[in-house]
Amino acid sequence: MSRRLAALFATFAILATACGSAASPTPAPSAAAPSAAAPSVAASASPAPSAAASVEPSAAAGGACAGAQASEFYNQAECERQLAARTATATGPADSLWLQAIAPVMVDTAKFKKDGPYKVCFSNAGVNNPWRVVGYNDMVHEVDIQKKAGVIKEFVHVDAGGQDNKQISDIQDLLTQKCDVLIVAPNTTAALTPAVEKACQAGIPIVDFDRGVTTDCPVTFVHPIGGYAFGATGAEFIASKVPSGASVLALRILPGVDVLETRWSAAKAIFAQKGIKILGPEFTDGDPAKTKSIVADYLQRGAIDGVWMDAGATSVGAIEGFEDANVAVPPIAGEDQNDFLKKWSDGKLTAIAPTYPTFQWRTAIIAAVDILQGKQVPKEWVLPQPTVTSDNLAKYFNPAMPPLFYPMCGCQTMPGFPADWQK
Amino acid sequence: MSGLTPAAAPQVGQPVTATSGGARLWRSLGGSASILVILVVVLAIVGLLNPRGPEPVYYLSLLKRAAPLAILAAGQLFVLVAGEFDLSVGSIVTAVVVGSAVLTNGDESRTLPVVGLLLAFGIVVGLVNGLLTTKAGVPSFIVTLGMLLIISGGVLLWTAGAPRGSITNNLRLLGRDGLKNVPVIDQLPYAAIVILVVGLAAFVLLHRTNFGHRVFAVGGNARAAALAGANVAVVKTAAFVVSGVSAIIAGILLAGFGGLSNNAGEGYEFQAISACVLGGAVLGGGRGSVVTSIAGALTLVAIFTMLNFLHLPVEVRSAVQGGIIIAAVAYASYRQRTG
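It should be emphasised that the depicted structure is a prediction, and the values quoted were computed from it without experimental measurement.

With that settled, consider the overall build of chain B. In terms of helices and strands, chain B carries 15 helices and two strands. Split into buried and exposed, the 339 residues of chain B put 57% on the buried side. At a minimum sequence separation of 6, the contacts of chain B that also span at least 24 residues come to 79%.

So, on to the overall build of chain A. When its secondary structure is counted, chain A shows 16 helices and 16 strands. Residues counted as buried form 57% of the 423 residues belonging to chain A. Within chain A, contacts between residues separated by at least 24 positions form 76% of all contacts whose residues are at least 6 apart in sequence.

Residue-level contacts link 39 residues of chain A with 42 residues of chain B. By residue number, the principal contributor to the side of chain A that touches chain B is helix α1 (residues 2–23) of chain A, which donates twelve residues.

Our next topic: the sheet that holds strand β9 (residues 247–252) of chain A. With mixed pairing, six strands are arranged side by side in an open sheet as β10-β9-β11-β12-β13-β16 (chain A). With partners counted over all chains shown, the strands left at the sheet margins are β10 (277–283) and β16 (387–388) of chain A, one partner each.

Let's shift gears to unusual backbone geometry. Residue and element names in this part refer to chain A. Geometrically, the link from G116 to P117 is a cis peptide bond, its omega value of -5° lying close to zero. Along the polypeptide, P117 turns up in the loop between β3 (106–107) and β4 (118–124). Of note, the amide linkage connecting F417 to P418 takes the cis form, showing an omega dihedral of 5°. For P418, the location among the structural elements is in the loop between α15 (393–396) and α16 (419–422). The phi dihedral of A103 falls on the positive side, at around 45°, and the residue is not glycine. Positive phi, normally seen in glycine, also occurs at D210, with a value near 70°. By secondary structure assignment, the location of D210 is in the loop between β7 (206–209) and β8 (220–224). Take D210: there are 27 C-beta atoms within 10 Å of it, and that puts it in the buried class.

Bringing the nonpolar core into the picture now. Proteins that are soluble and globular tend to have nonpolar side chains buried together. If you look at the biggest cluster of nonpolar residues, it comprises 120 residues, and the most contacted ones within it are V181(A), I183(A), V207(A), V248(A), A364(A) and A368(A). Here this core takes nine residues from helix α14 (residues 360–372) of chain A, the largest share from any one element. Ignoring sequence-local partners within four residues, the contact set of V248(A) consists of I238(A), V242(A), F271(A), I276(A), I278(A), L279(A), D305(A), G306(A), V307(A) and W308(A). The next biggest cluster of nonpolar side chains, apart from the first, holds 110 residues, and it includes L39(B), A101(B), V245(B) and L298(B).

Our next topic: helix α9 (residues 227–241) of chain A. Between the first and last C-alpha of α9(A) there are 22 Å, a value that for 15 residues agrees with the 21 Å anticipated at 1.5 Å per step. Of all 15 residues in α9(A), 13 are buried; the element is thus mostly enclosed.

Residue and element names in this part refer to chain A. If you walk across this open sheet you meet the six strands as β5-β4-β6-β7-β8-β15, and the pairing is parallel. Strands with a single pairing partner mark the edges of an open sheet, and in this sheet they are β5 (152–159) and β15 (380–383). With direction set aside, neighbouring strand axes in the sheet form an average angle of 15°. Here helix α8 (residues 189–201) sits on the sheet and contacts β6 (181–185) and β7; the angle it forms with β7, its principal contact strand, is near 155°.

Low pLDDT marks regions whose predicted coordinates should not be analysed in detail. Residues at a pLDDT of 70 or more form 89% of chain B, whose mean pLDDT is 85. Reported for the predicted complex are a pTM of 0.79 and an ipTM of 0.80.

Once that is clear, we can look at the pairing of β10(A). Of the pairings in the sheet, the one linking β9(A) to β10(A) comprises five bridges and is parallel in character. The residue bridging V248(A) from the neighbouring strand is I278(A), located in β10(A).

Turning our eyes to something else, we now look at α14(A). The end-to-end C-alpha separation of α14(A) is 19 Å, in line with the 18 Å expected for 13 residues at 1.5 Å each. Extensive coverage of α14(A) is indicated by the burial of 13 of its 13 residues.

Residue and element names in this part refer to chain B. Its place among the elements puts A73 in helix α4 (residues 56–81). Look at A73 and you get buried, because 37 C-beta atoms sit within 10 Å. As a C-alpha pair, A73 and S246 span 173 residues in sequence and 8.4 Å in three-dimensional space. Ignoring anything within four residues of it in the chain, the contact list for A73 reads A272, A275, C276, S293, I294, G296 and A297.

A separate point is the environment of V241(B). Residues and elements named next belong to chain B. Checked against the element boundaries, V241 lands in helix α12 (residues 232–258). Residue class for V241 comes out buried when judged on the 22 C-beta atoms lying within 10 Å of it. With 115 residues separating them along the chain, V241 and G126 place their C-alpha atoms 4.0 Å apart. Excluding anything up to four places from it in sequence, V241 contacts I123, G126, L127 and G130.

Definitions and limits used
Residues numbered from 1 in each chain as written. Chains lettered and ligands numbered in written order. Predicted model: local features only at pLDDT ≥ 70, side-chain atom pairs only at ≥ 80, totals over all residues. Helix = DSSP H or I, 4+ residues; strand = E, 2+ residues; numbered from the N terminus. Buried ≥ 20, exposed ≤ 12 C-beta atoms within 10 Å, placed from the backbone. Contact = placed C-beta atoms within 7 Å. Pairing = 2+ DSSP bridges. Core = buried A, V, L, I, M, F, W, Y, C linked by C-beta atoms within 7 Å. Expected span 1.5 Å × (residues − 1). Axes fitted to C-alpha atoms, helices over the stretch in contact; angles between N-to-C directions. pLDDT = per-residue confidence, 0-100.

And the structure:
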């Protein structure tokens, strides 16, 4: 009898999980998504010139982002601002993208000035996806450079493993460790904001980077332009390569993640403006096998004239879907992941790779040091977000690098390159 | 894919042999053959919905997609029939996909040694699962759930969430490529051949050998089997080893089909068990069939494809899929009760 009951229970558990596993987002892909700026913070820096944050169609008409459906993730003013920022001239040295800033509003840091060498502490959301592995590697090497220069004496890194609670207590612990500056890469915006506010009250300067927090108490917030720009760049490219009325397959990792929703809403707006029919969007869960199956099924249903993706993780899976069906790969938007660049280079594809540069991990260290040295820093340090195109592909694609390497790392000139990024 | 149905048909129609194992085989196949009907129906719908019609090439490409699950189901069945569960197989698949990339690092000369190493890993995991279940008296649900956590944690620790290296091209052939220039079907996927060979081996092992008969006996009534002279611990442990090895083969197929991914095998353990149950296996042991379990795996994949072709919104698809699975099992169990 008890055995019967156990079997019954197990059946329910299995069915629930088997079906649930298809529906629920897996943790890994959500972490695989490099994140964009929190709109609420970013919007404060420089208001968009033309389009006010209004839902009125008249106000929206003509804007590059017009046409996206209103959703809790969509902020048209921020979208317009990001799209304009792509062509804005950044200040700073042309050969060091990680030192550049777009439309910076400088803040005074004299009150934080102190003598070095410094103890730099870093609360990290996690090193749990390839993008973050490359970024953290960039960061460690920037620390080495600063150590050799006698600027940094100690670097404390605490990894929260992708857990909000762990990161909240990590930040509390770091506050007792006599850090000269605290760098925070928040795991999620909402959960970490109170912890960051508390850290600000402790009096040490805070550098926020990657994901935002909804408080302006950090001295600076370092991030690339953002998700709308990322999504739009890929969509504009595809739209320029296919005729109006063409069908473009949209592949997304999973729904409900703000940083990925921004990419998608900008792309959707552009496709709508250009009269392009969207196939999907389909969710890949970051799984290349599933991506491949989706492509194969859509190829049965009809022609795919282009592929837009919200992140590059499964772009090779998508390309293989076409290869295995003996169909020419259509114009495709991926990301600056080395395996995608290799496919692109080998197959002479029509492709583009918007980037969410890992070099921001370098910038975070540089900003921390600048603050302690009393140099002015931008209140919001908006880094450029370069695009890999067929014109500059040869510059960024390096066949000697591993498949999950992101070349927009600003690391090619650092001591230890390439060996330390090939391990 | 459709080739499987005729292959299974003669077994259904086979005369009942005098041995108790043969009789049980007859009952299990006869009772659960309804999955074959469901599979044919789903495949027919897929063919009807497909704007290009029922293309043989497309059905064969579905086999590539379904092969890892089919192999996993064949292995899982041994454990289920023996009255246990193996939840560790999904994490083994992930370990194989990640391990084959990290250990070979794209160097084709390392493929064979790495495959050997991985097979050894599968055997060891199966042994540990089996010994902990039978000797330490921990329910297999817990042992293999713990093993799932240990292996996936180990993979995370090993790769820090970002697997390095790349899977060698010759390793990927098995899951991705096929025999070229075959008449009518153009390309015969190696994955189809693997399903046939592994399926046949599993069929013979479970339904045609003394060991297989003991697996049924142990799962049907462990006490009676022990009194009849079967070594319950050895039989169950061997079943776990079979499952472990099948997970390695499935992992190699998936590494070939999908390429490198650090969560490749996630959820596969439950899909494999679902496939077996769809194929008429009884949780608790004593009943199940290799042919119908593989058919169950193919059905799961075919249902997913059918929902793709139905243009259903993504959000609705998994719910519909769940409903279909429950309905299919209910139908099979109804058929079984009414004979």
